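# Coordinate inspection notes
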Amino acid sequence: MLIAQITDVHIGFDVGNPTEFNRVRLDQVLATLASGPNMPDLLLATGDIADNGALSSYQIFAEAIAGTPFPILPCVGNHDRRVNFHAVFPELTDQNGFVQYVHDCGPFRLIVIDTLDEGRHGGAFCKARALWLRAQLAEAPNKPTWIVMHHPPFDSGLEWMTTDAAEPWVARFIDAISDAPGLRGIFCGHLHRALVTPWRGLTVAVCASSAPQVALDLRPIDADQPDDRAMIVAEDPGYALHHWNGEGLVSFFERASDAPVLASYDLGMQGLVRHLIDERPGHGHAAS
Ligand SMILES: [Fe+2]
């Protein structure tokens, strides 16, 4: 089982341009996934699919993914609008109208939750959403589970983008997951950079955006004093791959780019490959 993740696609940043930069960057990632060696079984899209929530942005996104050979599990971020998201993805909603649903992957579960509060950049998680999440976790409390959500629930250190750990929605989220022994980790977006951290016994992995990235600058920022620091940078489009190894999900943070190949698996490399495999237990000349 291989799960790919894209995030912060931001279609519609360049309104009305069918070949806008963010669409081209999305297509770059989708082409890499669909034609490269790591064909995923499914694709997570962790929010900010649209830049300004326009219906046309979701339609363009649906058109972009229509030809891909893997199913997609999208969620909403702070730039999304539920009414327009629902118009294109009508089936992905809980009983309260939030974009929340469960996807069973066999040996583990994914629970997609909605942290959108329309008009606000930061996250939200109301009582109704928390009750829904607690109920889903209680249905299979010991099964390995990952939560998929847009906003990271911890302070990243990227000050202008970060979540304030004291925000009420974080406390409500923590309470909702407090009795879930099978919960292993969280997959997020929002920060436009890849990072991973332990948090309350879980592993939280944040995927880099396919749209341009937030510059990595961990200095404090003064809202009263612009200092000309870089804020948005156009590194190659990011994505992640989460590989199920039978015990857990191993996360790789990748970029859709053409890196020069310095060695290929040919007769010259065969000896090394054979040696590496043979020294393992159960193979060739493994040591006892
Ligand atoms: Fe974003």
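Our structure is the block above this text.
Here we summarise the structure given alongside this text. Fair warning: this is a prediction, and the values are worked out from it, not measured in the lab. (Residues numbered from 1 in each chain as written. Predicted model: local features only at pLDDT ≥ 70, side-chain atom pairs only at ≥ 80, totals over all residues.)

## Section: the sheet that holds strand E6 (residues 145-148)
Pairing in this open sheet of 6 strands is mixed, and the strands run E4-E5-E6-E7-E9-E8 from one edge to the other. Each of the sheet's edge strands pairs with one partner strand only, and the pair in question is strand E4 (101-104) and strand E8 (195-199). Neighbour-to-neighbour, the strand axes of this sheet turn through a mean angle of 20°, independent of strand direction. Where E6 meets strand E7 (residues 183-188), 4 bridges bridge the pair, whose relative direction is parallel. Paired with Val-148 across the bridge in E7 is Phe-187. (Pairing = 2+ DSSP bridges. Helix = DSSP H or I, 4+ residues; strand = E, 2+ residues; numbered from the N terminus. Axes fitted to C-alpha atoms, helices over the stretch in contact; angles between N-to-C directions.)

## A few points about the pairing of strand E2 (residues 42-46)
With 4 of 5 residues buried, E2 lies mostly within the body of the structure. Here strand E1 (residues 2-6) pairs with E2 via 4 bridges, running parallel. Looking at the pairing, Gln-5 lines up with Leu-44 of E2. The parallel pair E1 and E2 is bridged by helix H1 (residues 21-35), and the resulting crossover is right-handed. In terms of strand pairing, E2 meets strand E3 (residues 72-75) through 4 bridges, oriented parallel. For Leu-43, the partnering residue across the bridge sits in E3 and is Ile-72. (Buried ≥ 20, exposed ≤ 12 C-beta atoms within 10 Å, placed from the backbone. Right-handed = clockwise from strand over helix to strand, strands pointing away.)

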